[in-house]
Amino acid sequence: MDTRFSASLGVEMVVPEQPIHITNYLRQPQRVVNALAASSQIERLDSDLYRLKMRSLNFMTLSIQPIVDMRVWANEEAAINIQSAACELRGIEYVNDKFLFDLKGQLSPCQQHGETYLKGLANLAVAVELPPPLNFMPRPLIETTGNGLLLSVLTTIKQRLMQQLLTDYRNWVAVQVGTTSVQDSVVLKPLN
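The rules we used
- Residues numbered from 1 in each chain as written.
- Predicted model: local features only at pLDDT ≥ 70, side-chain atom pairs only at ≥ 80, totals over all residues.
- Heavy atoms only, no water.
- Axes fitted to C-alpha atoms, helices over the stretch in contact; angles between N-to-C directions.
- Helix = DSSP H or I, 4+ residues; strand = E, 2+ residues; numbered from the N terminus.
- Parallel < 35°, antiparallel > 145°, perpendicular 65-115°, else oblique.
- Left-handed = near helix turned anticlockwise from the far one by under 90°.
- Contact = heavy atoms within 4.5 Å.
- Pairing = 2+ DSSP bridges.
- 1 Å grid on protein atoms, 1.4 Å probe; cavity = no way out; pocket = protein on both sides within 12 Å on 5 of 7 lines; lining within 4 Å.
- Points joined across faces, edges and corners; volume = space filled by probe spheres on them.
- Nonpolar A, V, L, I, M, F, W, Y, C, P; charged D, E, K, R; others polar.
- Salt bridge = Lys/Arg side-chain N within 4 Å of Asp/Glu carboxyl O.
- Buried < 20%, exposed > 50% of the residue type's maximum accessible area, 1.4 Å probe, protein only.
- Core = buried A, V, L, I, M, F, W, Y, C linked by side-chain atoms within 4.5 Å.

**What to know about the packing of helix 2 (residues 29-36) against helix 3 (residues 139-177)**
- Contact pair helix 2 / helix 3: the axes reach a minimum separation of 7 Å and the direction vectors enclose 135°. Between helix 2 and helix 3, the interaxial angle falls into the category oblique. In the packing of helix 2 onto helix 3, the handedness of the crossing is right-handed. Where helix 2 abuts helix 3, its residues R31, V32, N34, A35 and L36 lie against I157, R160, L161, Q164, L165, D168 and W172.

This is the structure we're talking about:
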């Protein structure tokens, strides 16, 4: 592998108080997976293994679609863990045997100043042997572009997670407690 790209992104958000604590919701990791992407992009392969068909990405002159298999599970403290298990690139299949993809993430509930927060961190790294003519381009340009692409992927996932997770949590609580009215708006207080 001759080129490495990497990106990290954190998330921190206040969880509005509900009759059922967020830890009960987080013990169902499939709900969190559904907050990461549209249901048409996710396929459940096993009890804790999911396939995510990402949207096509443009990298320099290439258009690629990553297909990521990832394990998603909750530990005893209701922290959600994500670990990539496999990845395939559609659009430049000849690179697949010269390509490593590593995604690790965690999202944990915590208490601070009387409020519940969800805090998380995702790390994404890719190592690849670049095909011609990309391998003749200046390395700093390739690395800057690749790192920026990975960061944009993580940012998109973070934005969707912040929008969808708390809405789904609120809807789930409403069903659990048997209420029929679910508030349409969720107050998000992103901290970073």
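**Observations regarding the environment of R4**
- Secondary-structure assignment places R4 in strand 1 (residues 3-15).
- The sequence separation of R4 and I142 amounts to 138 residues, and the corresponding C-alpha distance is 9.7 Å.
- The contacts of R4, once residues within four sequence positions are left out, are A125, V126, A127, E143 and N147.

**Section: the pairing of strand 3 (residues 49-53)**
- Judged from the three bridges that link them, strand 2 (residues 42-44) and strand 3 form a sheet pairing that is antiparallel. Pairing of I42 across the sheet is with L52, part of strand 3.
- In textbook terms, the turn of a hairpin is the stretch between consecutive antiparallel strands, and for strand 2 and strand 3 this stretch comprises four residues.

**What about empty space enclosed by the protein?**
- Throughout the structure, instances matching the rule amount to two cavities of 30 Å³ or more.
- Its boundaries defined by the atoms lining it, the largest cavity holds a volume of some 360 Å³.
- Considering the residues around the largest cavity, the lining is formed by 25 residues, among which L36, I82, A122, L154 and I157 are closest to the centre.
- Looking at the lining of the largest cavity, the elements that each hand over two or more residues are strand 1, helix 2, strand 5 (62-74), strand 6 (80-90), strand 7 (99-112), strand 8 (115-128) and helix 3.
- Here the lining of the largest cavity is built from residues that sort into 20 nonpolar, four polar and one charged.

**Overview of the pattern of salt bridges**
- For the structure on display, the rule yields seven salt bridges.
- For D168, the salt bridge identified is with R31, shortest N-O distance 2.9 Å. Linking D168 in helix 3 with R31 in helix 2, this pair joins segments that are 137 residues apart in sequence.
- In this structure D168 comes out as partly exposed when scored by relative accessible area, which is 23%.

**Quick look at the nonpolar core**
- Counting residues in each nonpolar core, the largest one holds 51 residues, and the members touching the most others are Y25, L26, F101, L118, L161 and L165.
- For this core, the element with the highest residue contribution is helix 3, accounting for twelve residues.
- Ignoring sequence-local partners within four residues, the contact set of L118 consists of V11, E12, M13, V15, I22, L26, L107, S108, P109 and L165.

Any link to function would need more than the numbers given here.
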